[in-house]
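# An overview of the molecular structure
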Amino acid sequence: MTPPADPSEEIALARAMAAMAPAGVRTGCRIIREGDETHLLPAEASSIPARQPSMRRASGAARLLAHRLLADAGFDGFALLRTPSGAPAWPDGITGSLAHDDDMAVAAVAAVAGIISLGIDVEPALPLPDEIFSLVAIPQDRIGAADRQLAGRILFAAKEAVYKAAYPLDREVLGYEDIAVDLETGHATTRTGRKVSFAYGIAPRVVVLAFCRNNTYSPTISR
């Protein structure tokens, strides 16, 4: 059980995300609050099958962030419906990603003219349990100088974010073993040959922002 987030975490995480985002990418974060489910637009609420109050609050918090970021990009009032894959359906010409842990929601959006796909993940800044690390890590991963206690958690979040960025482009379901991550260089390669860049921060939560630019695909034969 992680301790709940406090307002200072929200401010610190917002600054860290803004600093790591490439040019043209808007980011935001929000502590998940009681009543955040009311921020779901009616069409969004209908498209989200989860009935647990905590899940609907988290979805409402993430979409509130996205609504604000999209309004800044000229898409005020756009309903982010949930697609069959679980990802939101973004407006034409926009890419984006949402994520949350138990206490914090994050979002990122960009115009596809610069960034063709985004992925984001947020995790508590706690060591990853050994049994999960053994499922996530592969020999091709490179930890580099990442914090040794949190390297597993960063690796986990990076693969989650990279998958979110790669899936809309390739429509390939990937496991952790299908994504090789280099935390030192901020680059990842998927089994299909997709190359994804990413940045991460650990102040005060682990957050990873993955992004694809044009000319990042060198197809390989699937196993």
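Residues numbered from 1 in each chain as written. Predicted model: local features only at pLDDT ≥ 70, side-chain atom pairs only at ≥ 80, totals over all residues. Heavy atoms only, no water.

### Considering the sheet that holds strand β2 (residues 94-100)
Going by this rule: We call two strands paired when DSSP finds no fewer than two bridges between them. Where helices and strands are cited, they refer to DSSP runs of H or I of at least four residues and of E of at least two residues respectively, numbered from the N terminus. Lines fitted to C-alpha atoms define the axes, with helix axes restricted to the stretch in contact, and inter-axis angles between N-to-C directions lie between 0 and 180 degrees.
Pairing is antiparallel across the open sheet formed by three strands, whose spatial order is β1-β3-β2. Of all the strands in the sheet, the pair left with one neighbour each is β1 (25-31) and β2. Here the strands of the sheet are splayed against their neighbours by 10° on average, with no regard to which way each runs. Pairing between β1 and strand β3 (residues 104-111): seven bridges, direction antiparallel.

### Some points on the sheet that holds strand β4 (residues 117-123)
Operational definition: Pairs of residues are marked as contacts when any of their non-hydrogen atoms sit within 4.5 Å.
Taken together, the five strands give an open sheet; going across it, the order is β4-β8-β7-β6-β5, and neighbouring strands pair in antiparallel fashion. Bordering the open sheet on either side are β4 and β5 (179-182), each of which pairs with just one other strand. Taken pair by pair, the neighbouring strands of this sheet meet at an average axis angle of 20°, ignoring direction. On top of the sheet, helix α1 (residues 7-20) reaches β4, β7 (195-201) and β8 (206-212); it is set at about 25° to β8, its chief contact.

### Thoughts on the pattern of salt bridges
Threshold: The term salt bridge refers to a side-chain nitrogen of Lys or Arg lying within 4 Å of a carboxyl oxygen of Asp or Glu. Only protein chains enter the accessibility calculation, which uses a 1.4 Å probe; a residue is then buried when its area is under 20% of its type maximum, exposed when over 50%, and partly exposed in between.
Per the counting criterion, the structure on display carries 11 salt bridges. Its salt-bridge partner being Glu9, residue Arg205 comes within 2.5 Å of it at the nearest N-O pair. Of the two residues, Arg205 is situated in the loop between β7 and β8 and Glu9 in helix α1; the sequence distance between them amounts to 196 residues. As far as burial versus exposure is concerned, Arg205 and Glu9 are alike and both buried. A salt bridge links Glu34 to Arg57; the nearest nitrogen and oxygen atoms lie 3.8 Å apart. Of this pair, Glu34 sits in the loop between β1 and α2 (42-47) while Arg57 sits in helix α3 (residues 53-72), and the two are 23 residues apart along the sequence. Under the relative-accessibility criterion, Glu34 is labelled exposed at 69%. Put simply, Glu9, Asp101, Asp103 and Arg205 are held in one network by salt bridges that share partners.

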